[in-house]
Amino acid sequence: MEVTLLRLRLIFILLLVVSASSAQTILGYVYDGAKGVPLEGASVYLDGTTYGVISDQEGKFVIATDRKVKADLIISYIGYTSVREGDPYRGEVLEVVLQETQATLEAVTVRMGKEYWSRAKMLREFKKQFLGPGRPGELCRIENEEDIDLWFQPENETLKAAADVPIRIQNNFLGYTIEYNLNEFEAKYDAPERKDPYCRFVYYEGSSFYSDMASSPAMKEIFRLQRGNSYDGSVQHFFRSMIADDLRGQGYSFYIDDLEISPGRVYTIEQMEDHFLVYFKRNFILNYQKKLTSRVVVKDQKLPIKVYPDGNYEPARRIRFDGDLGFFRLAKTLPLNYRSTDQSR
């Protein structure tokens, strides 16, 4: 019976790969909501990927991908409110209408907050928690720091950030330029009056578009190696290995305290048409090849986490990775369409 189920799982994954590997095209037009005219120069991309274009003088955009990616289509233009299309592969011509952003007094007031940390300290902490600590974060450069609004709320010891334009990042660790539309950022601290306060919680979300940096053949090889190292043991790698039923083969193991337990005591998985439903039974310790150790905390364990073939998952707020995986921030985050060397490209 177990052999039969394993064969069915492998057949299902093969069908997903085959269906996802055929060429896909997204076609549409972008218009100004007030004037009804085409918007040239709008940025159109699949969130978290390297797939994106700029709309032409007719407002037209065409995105061709080698496989279907489970990602929202983001349409943005400076001075306009971005639009998120949840099902861009639905096979019809998309007509997207953008409305000009209206600044409100309430938004300005909220962002002011109280004067508690200096701008330099807030920016230093933002970059550390957003980009990530250590060498990967240090090798990233934000090109438009002046566009980031930062404020600290001493009453709840929380640093917050916002930006009305995409944050432009040169990731010199993985070899990507990234445009990040920041929707939310908050970092909570203990003893914030210290020079180097302890951050006990950080959460951010937004949409991102990746582009490969122009580089020499030698640097491309370095980037290839560093991308592979960042992928191994990442959340993306974890979920891809899970739906391929290959967690053990990839070097993952589960623990409760110091006791190793079987995957069956941690989760069950259900196959759907284009995704998987993962039901976690408990919080657990996740170990990768005896090198990375993380505590995984799942909220509302009676409800499933939806996982897609590319390793993307939702809702992100319902599962938290502490420990080593908790330090995988933007500097070590790969596009959803990244394929490791042991996967078909």
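Please refer to the structure placed before this passage.
For clarity, every value in this text was computed on a predicted model and none was experimentally measured.

What to know about the overall build of the protein chain
- Regarding its fold elements, the protein chain presents seven helices and 22 strands.
- Relative to its 345 residues, the protein chain shows a buried fraction of 45%.
- In the protein chain, 63% of the contacts between residues at least 6 apart in sequence involve partners at least 24 apart.
- Carbon and sulfur atoms form 52% of the exposed surface of the protein chain, whose accessible area is close to 18,100 Å².

Focus: the pairing of strand S12 (residues 176-190)
- Bridge count between strand S10 (residues 158-163) and S12: three bridges; the pairing is antiparallel. Bridge pairing in S12 links Thr-158 to Lys-188.
- For strand S11 (residues 167-171) and S12, the ladder comprises five bridges, and the chain directions are antiparallel. Its bridge partner being in S12, Arg-168 is matched across the sheet by Glu-179.
- Connecting the antiparallel pair S11 and S12 is a turn made up of four residues, with Gly-175 showing a positive phi of about 80°.

Section: unusual backbone geometry
- In the segment running from Glu-314 into Pro-315, the intervening peptide bond is cis, with an omega of -5°.
- Its identity is not glycine, yet Glu-157 carries a phi of approximately 50°, on the positive side.
- On the secondary structure map, Glu-157 appears in the loop between strand S9 (148-153) and S10.

Some remarks on the sheet that holds strand S21 (residues 313-314)
- Strand order in the open sheet made by the four strands is S16-S17-S20-S21, with antiparallel pairing throughout. The strands lining the two open edges of the sheet, one partner per strand, are strand S16 (267-271) and S21.
- As paired strands, strand S17 (residues 276-280) and strand S20 (residues 305-307) are joined by three bridges and run antiparallel to one another. Each residue of the ladder has a partner; that of Leu-277, found in S20, is Lys-306.
- Contacts from helix H6 (residues 235-243) reach S16, S17, S20 and S21 within the one sheet, and its direction differs from that of S17 by about 105°.

Quick word on the pattern of salt bridges
- Counting across every chain of the model gives 16 salt bridges.
- A salt bridge links Arg-84 to Asp-72; its shortest N-O distance comes to 3.1 Å. A residue pair is termed long-range when its members are at least 10 positions apart, and Arg-84 in strand S6 (residues 83-85) and Asp-72 in the loop between strand S4 (60-65) and strand S5 (73-76) qualify at 12 residues.
- Given a relative accessible area of 41%, Arg-84 falls into the partly exposed group.
- Residue Asp-72 is classed as partly exposed on the basis of its relative accessible area, which comes to 22%.
- Residues Arg-90 and Glu-92 are paired through a salt bridge, measuring 3.2 Å at the closest nitrogen-oxygen approach.
- We classify Glu-92 as partly exposed; its relative accessible area is 46%.
- Taken together, the shared-partner salt bridges connect Asp-47, Asp-72 and Arg-84 into one network.

Description of the sheet that holds strand S14 (residues 252-256)
- Taken together, the five strands give an open sheet; going across it, the order is S15-S14-S18-S19-S22, and neighbouring strands pair in antiparallel fashion. A single partner strand is all that each edge strand has here, and the edge strands are strand S15 (259-261) and strand S22 (319-321). Strand-to-strand twist in this sheet, taken as the mean axis angle between neighbours without regard to direction, amounts to 35°.

Here we look at the pairing of strand S2 (residues 43-46)
- Judged by which residues are buried, S2 turns out to be covered on both faces: Ser-43 and Tyr-45 on one side and Val-44 and Leu-46 on the other are all buried.
- Across three bridges, the pairing between S2 and strand S3 (residues 52-54) is antiparallel. Paired with Val-44 across the strands is Val-53, a residue of S3.
- Between the end of S2 and the start of S3, which pair antiparallel, lie five residues, with Gly-48 showing a positive phi angle near 75°.
- Bridge count for S2 against S5 is four bridges, and the pairing is antiparallel. Note on S5: the bridge partner recorded for Val-44 is Ile-75.

Details of helix H3 (residues 119-131)
- With 13 residues, H3 should reach 18 Å at 1.5 Å per residue; the first-to-last C-alpha distance of 17 Å fits that figure.
- Those residues of H3 that fall on the buried side of the exposure criterion are Lys-121, Met-122, Leu-123, Glu-125, Phe-126, Gln-129, Phe-130 and Leu-131.
- Once H3 finishes, Gly-132 follows within two positions and takes phi at roughly 115°, a positive value.

Analysis parameters
- Residues numbered from 1 in each chain as written.
- Predicted model: local features only at pLDDT ≥ 70, side-chain atom pairs only at ≥ 80, totals over all residues.
- Heavy atoms only, no water.
- Helix = DSSP H or I, 4+ residues; strand = E, 2+ residues; numbered from the N terminus.
- Buried < 20%, exposed > 50% of the residue type's maximum accessible area, 1.4 Å probe, protein only.
- Contact = heavy atoms within 4.5 Å.
- Areas by Shrake-Rupley, 256 points an atom, 1.4 Å probe, with all protein chains shown as cover.
- Pairing = 2+ DSSP bridges.
- Axes fitted to C-alpha atoms, helices over the stretch in contact; angles between N-to-C directions.
- Salt bridge = Lys/Arg side-chain N within 4 Å of Asp/Glu carboxyl O.
- Expected span 1.5 Å × (residues − 1).

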